[in-house]
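If you want the building blocks of each chain, they are given just below.
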Amino acid sequence: MSVLPLVFTSGWASGINAYAVVLLFGIFGATGLTDEVPESLQRTDVLVTAGVLFLFEAVADKIPYVDSAWDAVHTVVRPVAGAVVAALLAGESGSLPELAAAAVGGSTALMSHLVKAGTRMAVNTSPEPFSNVAVSVAEDLGVAGIITFAMFNPVAAAVIAATLLVLGLVILVFLASRIRRFLRRRAQRREEKRMAATGGHRPHE
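Residues numbered from 1 in each chain as written. Predicted model: local features only at pLDDT ≥ 70, side-chain atom pairs only at ≥ 80, totals over all residues. Heavy atoms only, no water.

Some remarks on the overall build of the chain
- Within the chain, the secondary structure is distributed over seven helices and zero strands.
- Listing the helices and strands of the chain from first to last along the sequence gives α-α-α-α-α-α-α.
- Dimensions along the principal axes, computed over C-alpha positions, put the chain at roughly 65 × 35 × 35 Å.
- Looking at the chain as a whole, 44% of its 205 residues qualify as buried.
- Approximately 10500 Å² of the chain is accessible, and the part contributed by carbon and sulfur atoms is 71%.
- Computed over 16 positive and 16 negative side-chain charges, the separation of the two mean positions in the chain equals 15 Å. (Helix = DSSP H or I, 4+ residues; strand = E, 2+ residues; numbered from the N terminus. Buried < 20%, exposed > 50% of the residue type's maximum accessible area, 1.4 Å probe, protein only. Areas by Shrake-Rupley, 256 points an atom, 1.4 Å probe, with all protein chains shown as cover. Lys, Arg positive; Asp, Glu negative; His and termini not counted. Charge placed at Lys NZ, Arg CZ, Asp CG, Glu CD.)

Right, dumping it as structure tokens:
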């Protein structure tokens with residue numbers, strides 16, 4: 001079970017920015033900083049792909065409403081990435097069955113993704129765009145910091161990740177009204193676009 005803390009932490013981070021997790025693990029392994037990273041994550045094509053996608057996410061994640069659309073697309077991508085990375089980490093160490101690791105990594109990634117997506121919906125109800133940038137930068141730094149810390153102290157990093165996940169879920173409850181407001185606005189925008197496309201007339205029933 002020695003790899004479980006690293007699996008949990010990588011799952012939490014993957015739910016926020018999966019491409020950053022793959023990129024960081026790959027770089028740490030390729031530079032010899034750690035022996036815990038499997039060779040499949042250190043491949044040049046994997047690093048290049050993760051780097052390019054990370055740059056796309058870094059831009060999209062800081063634009064109001066675009067970030068929520070990006071999150072919607074990644075509702076499947078992030079948990080799957082979390083599960084795959086977790087399984088690879090477990091397979092490399094041999095101390096935790098790969099299927100169990102995938103379940104832990106994937107479920108943790110899904111929960112942290114839902115916290116991220118819900119928080120962004122709430123932030124998007126703010127009229128100014130700067131809060132999106134601030135939250136996005138904080139998330140990027142948080143992922144980079146906790147993955148780096150996990151390389152040296154996986155247990156402490158897992159405790160921090162678990163604490164942040166619980167806090168995020170609690171905050172999500174308090175932001176429920178703002179999330180509902182965001183969903184109403186998005187539905188209204190879709191209706192306005194549909195009305196504009198049909199010339200302002202509702203279709204006959």
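Still more ground to cover, so stick around.
Observations regarding a nonpolar patch on the surface
- A cluster of nonpolar side chains, contributed by F149, I160, L164, L167 and I171, occupies part of the molecular surface with about 420 Å² of accessible area.
- By residue number, the principal contributor to the nonpolar patch is helix α6 (residues 154–174), which donates four residues.
- Along the chain, the position of L164 falls in helix α6.
- Taking the relative accessible area as the measure of exposure, L164 reaches 37% and is therefore partly exposed. (Patch = residues over 30% accessible without salt bridge, like charges linked within 9 Å, V, L, I, M, F, W, Y side chains within 5 Å. Salt bridge = Lys/Arg side-chain N within 4 Å of Asp/Glu carboxyl O.)

Thoughts on the side chain of S10
- Mapped onto the elements of the fold, S10 is located in helix α1 (residues 4–30).
- A polar contact of 2.8 Å, which involves the side chain of S10, links it to the backbone oxygen of V7.
- Not counting chain neighbours up to four residues away, the residues in contact with S10 comprise V21, F25, V85, L89 and I147. (Polar contact = N/O pair within 3.5 Å; in protein donor to acceptor, adjacent residues only side chain to side chain. Contact = heavy atoms within 4.5 Å.)

Focus on the packing of α1 against helix α5 (residues 130–152)
- One way to put it is that α1 packs onto α5 with a least axis distance of 9 Å and a crossing angle of 80°. In this view, α1 runs roughly perpendicular relative to α5, as classed from their interaxial angle. Residues L6, T9, S10, W12, A13, I16, N17, A20, V21, L24, F25 and F28 of α1 form the contact with α5, whose own contacting residues are E139, D140, V143, A144, I146, I147, T148, A150 and M151.
- Of the residues that constitute the contact of α1 with α5, the class distribution is 15 nonpolar, four polar and two charged. (Axes fitted to C-alpha atoms, helices over the stretch in contact; angles between N-to-C directions. Parallel < 35°, antiparallel > 145°, perpendicular 65-115°, else oblique. Nonpolar A, V, L, I, M, F, W, Y, C, P; charged D, E, K, R; others polar.)

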